[in-house]
Amino acid sequence: MKILCDVCEGAVAAVLCCADEAALCWGCDEKVHAANKLAGKHQRVPLLPTNSHSSSSQTPTCDICQEKAGYFFCLEDRALLCRQCDVAVHTATPYLSSHRRFLITGVRVPLQHYLPKDGNKNIS
């Protein structure tokens, strides 16, 4: 399922602006973030694989815990979540579990997030 641009509502969204909590196509992203210097500094995360458009290399943090990297975007909550917060929020009720969530493409999910805290890598 593709996310549509929140501005034009016709094109497929290509970036997520963390500050505006908006999914934008390339054209609307350029218009919105070229408006002034402050808007141009907004951190944006690619939703689509890209070679020609650049975005911040730093992964944004989770909107809930504000500590871990956010990898999942919830369309209904308009939130970027780490794996732990995504599971905690979206397993609470059947209604919340029906929210449409997307793994942000172009962002690597490190394996260490899923390893036991004691560092034991043996899986049985």
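Heads up: these notes are all about the structure in this document. Predicted, not measured: the structure shown is a model, and the values here were computed from it.

**Description of unusual backbone geometry**
Although it is not a glycine, glutamate 9 sits at a positive phi angle of roughly 60 degrees. Structurally, glutamate 9 can be placed in the segment before strand E1 (15-17). The exposed category is assigned to glutamate 9, whose relative accessible area is 60%. The phi angle at glutamine 66 is positive, at roughly 60 degrees, despite the residue not being glycine. Here glutamine 66 shows up in the loop between strand E3 (44-46) and strand E4 (72-74).

**Quick look at the packing of aromatic side chains**
By the definition in use, this model includes zero aromatic pairs. Arginine 83 extends its terminal NZ or CZ atom over the ring of phenylalanine 72, reaching a point 5.8 Å from the ring centre.

Definitions and limits used
Residues numbered from 1 in each chain as written. Predicted model: local features only at pLDDT ≥ 70, side-chain atom pairs only at ≥ 80, totals over all residues. Heavy atoms only, no water. Helix = DSSP H or I, 4+ residues; strand = E, 2+ residues; numbered from the N terminus. Buried < 20%, exposed > 50% of the residue type's maximum accessible area, 1.4 Å probe, protein only. Phe/Tyr/Trp six-rings, centres within 6.5 Å; stacked < 30°, edge-to-face > 60°. Lys NZ or Arg CZ within 6 Å of the ring centre and 35° of its normal.

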